[in-house]
Amino acid sequence: MNRLTGKVTVITGGASGMGRTTAELFAAEGATVAVTDFNADLGAEVVAGIRAAGGTADFWRVDVSSEANVAAAYAEIIERFGTIDVLVNAAGIIGVDKPTHELSEAEWDSLFAVDVKGVFFSTKHALPPMIAQGSGSIINYSSIYGLTGNDEFTAYHAAKGAVATMTMQDAAVYGKYNIRVNSVHPSTVLTPLVEGIANAFPGGIDEYEKVNTRMQSIRRLGRPEDVAWACVYLASDESTWVTGVNLPIDGGFMAR
Ligand SMILES: NC(=O)c1ccc[n+]([C@@H]2O[C@H](COP(=O)([O-])OP(=O)(O)OC[C@H]3O[C@@H](n4cnc5c(N)ncnc54)[C@H](O)[C@@H]3O)[C@@H](O)[C@H]2O)c1
């Protein structure tokens, strides 16, 4: 409790999955949460749940791939809550499962518009109040797929790799303003993003879990809170000397 008291936090993709759990945990730890997403119905549901539990939150409908959308929403959030202390870039899509020689330019561009440009726009418009106040924490949702190759989802790998590098680069550039930038790199976590894939897997979710966790030391699928608790740490004053880290949260996948 109270690990994030007073911290104004913007969470993109806060309506579902890990972004949603991150929003809920942050509010429970005392943060003021601006939930953003392009799914307004689910976003409103998350905010209602946070308020019912005694937390402070509001919702902004934002498409992270539109700079105009992001700029307008962040100006309103700063007006409403006074600043932005923490930004969590959780919005993301997985795109089509194709190798390089089959990918179209449109498929590549539509994935990069959300997973890479979305992080760029969101970070760009959250930075001014952080620079002005001389503090801030930015947490990017990348993936183990941003740290290593695999035989699926090529464009997603490349996009999440860009997010890993943006994390280190922004950490290098903005450290002089006491702004920290870190990324979390989950292995497979059962959220709406992967539920469809898991359900369609031959043998269903049980078989999907067996196959997908065979390279992990801890052989279970991740839970949203496994990753959201790391975000609490990275947003809090417990981690004021931690920046530029690409943190795997993956049941030990990257250690092998
Ligand atoms: N689930 C996994 O196994 C896994 C593993 C590694 C990394 N990740 C990453 O974690 C993050 C969260 O994933 P999740 O599994 O919770 O997904 P999810 O699909 O449950 O939630 C993603 C949210 O992002 C929102 N979103 C998508 N495009 C958007 C846009 N253009 N503008 C605003 N919001 C948009 C969606 O509406 C949704 O609410 C993503 O960046 C994802 O790539 C997921």
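Coordinates for the structure precede this section.
Just so you know, these numbers come straight off a predicted model, no measurement behind them.

1. What to know about the overall build of the protein
Scanning the protein from N- to C-terminus turns up 9 helices and 7 strands. For a compact globule of 256 residues, the expected C-alpha radius of gyration is about 18 Å, and the protein comes in at 17 Å, within 12% of that figure. Each of the 256 residues in the protein was classed as buried or not, and the buried ones make up 51%. Contacts in the protein between residues far apart in sequence, at least 24 positions, make up 70% of those at least 6 positions apart.

2. Considering the packing of helix H4 (residues 105-115) against helix H5 (residues 117-133)
In contact at an axis separation of 3 Å, H4 and H5 are set at 25° when each is read in the N-to-C sense. By the criterion of interaxial angle, the relationship of H4 to H5 is roughly parallel. Facing Phe-112, Ala-113, Val-114 and Asp-115 of H4, the residues of H5 in contact are Lys-117, Gly-118 and Val-119. Grouping the constituent residues of the contact of H4 with H5 by class yields 4 nonpolar, 1 polar and 2 charged.

3. Side note on the sheet that holds strand E2 (residues 32-37)
A sheet is described by the order of its strands in space; here 7 strands give the open sequence E3-E2-E1-E4-E5-E6-E7, paired in parallel fashion. Two strands in the sheet have a free side with no partner beyond their single neighbour: strand E3 (56-61) and strand E7 (246-249). Here the average twist between neighbouring strands, direction ignored, is 20°. Alignment of strand E4 (residues 86-89) against strand E5 (residues 136-141), held across 4 bridges, turns out to be parallel. Paired with Leu-87 across the two strands is Ile-138, which belongs to E5. Contacting E5, strand E6 (179-186) and E7, helix H6 (residues 154-174) crosses the sheet at an angle of about 160° to E6.

4. Regarding the side chain of Lys-160
Along the chain, Lys-160 turns up in helix H6. Setting aside residues up to four positions removed in sequence, Lys-160 forms contacts with Asp-115, Tyr-141, Ser-142, Ser-143, Tyr-145 and Gly-146.

5. Some details on the nonpolar core
Counting 30 residues, the largest nonpolar core has Phe-26, Val-33, Val-35, Val-88, Ile-139, Tyr-141 and Val-184 as its most contacted members. Secondary structure elements with two or more residues in this core: helix H1 (17-28), E2, helix H2 (40-52), E3, E4, E5 and helix H9 (224-235). The dominant element in this core, judged by the number of residues it contributes, is H9, at 7 residues. Every residue in contact with Val-184, bar those within four places of it in the chain, is listed here: Ile-139, Asn-140, Tyr-141, Ser-142, Ser-143, Val-227, Ala-230, Cys-231, Leu-234, Leu-247 and Ile-249. Formed by 24 residues, the second largest nonpolar core is a distinct cluster that contains Val-62, Val-64, Leu-127 and Met-130.

6. Quick notes on the site of the ligand
Around the ligand sit 28 residues in total, of which Ser-16, Met-18, Asp-37, Tyr-156 and Thr-191 are the nearest. Between the ligand and Thr-191 there is a distance of 2.4 Å, counted from an oxygen atom to a side-chain nitrogen or oxygen. Across the complex, the protein chains shield 94% of the 830 Å² of accessible surface that the ligand would expose by itself. Of the residues forming the shell around the ligand, the biggest block, 3 residues, is contributed by helix H7 (residues 192-200). Partitioning the shell around the ligand into residue classes produces 16 nonpolar, 9 polar and 3 charged.

7. Overview of the pairing of strand E1 (residues 8-12)
Most of E1 sits inside the fold, with 5 of its 5 residues counted as buried. Judged by which residues are buried, E1 turns out to be covered on both faces: Val-8, Val-10 and Thr-12 on one side and Thr-9 and Ile-11 on the other are all buried. Pairing analysis gives 5 bridges linking E1 to E2, with the strands arranged parallel. Considered in E2, the bridge of Thr-9 is made with Val-33. Considered for its hand, the β-α-β crossover made up of E1, H1 and E2 is right-handed. In terms of strand pairing, E1 meets E4 through 4 bridges, oriented parallel. Along E4, the bridge assignment pairs Val-10 with Leu-87.

The rules we used
Residues numbered from 1 in each chain as written. Predicted model: local features only at pLDDT ≥ 70, side-chain atom pairs only at ≥ 80, totals over all residues. Heavy atoms only, no water. Helix = DSSP H or I, 4+ residues; strand = E, 2+ residues; numbered from the N terminus. Rg over C-alpha atoms; globule rule 2.2 N^0.38 Å. Buried < 20%, exposed > 50% of the residue type's maximum accessible area, 1.4 Å probe, protein only. Contact = heavy atoms within 4.5 Å. Axes fitted to C-alpha atoms, helices over the stretch in contact; angles between N-to-C directions. Parallel < 35°, antiparallel > 145°, perpendicular 65-115°, else oblique. Nonpolar A, V, L, I, M, F, W, Y, C, P; charged D, E, K, R; others polar. Pairing = 2+ DSSP bridges. Core = buried A, V, L, I, M, F, W, Y, C linked by side-chain atoms within 4.5 Å. Near = heavy atom within 4 Å. Polar contact = N/O pair within 3.5 Å; in protein donor to acceptor, adjacent residues only side chain to side chain. Areas by Shrake-Rupley, 256 points an atom, 1.4 Å probe, with all protein chains shown as cover. Right-handed = clockwise from strand over helix to strand, strands pointing away.

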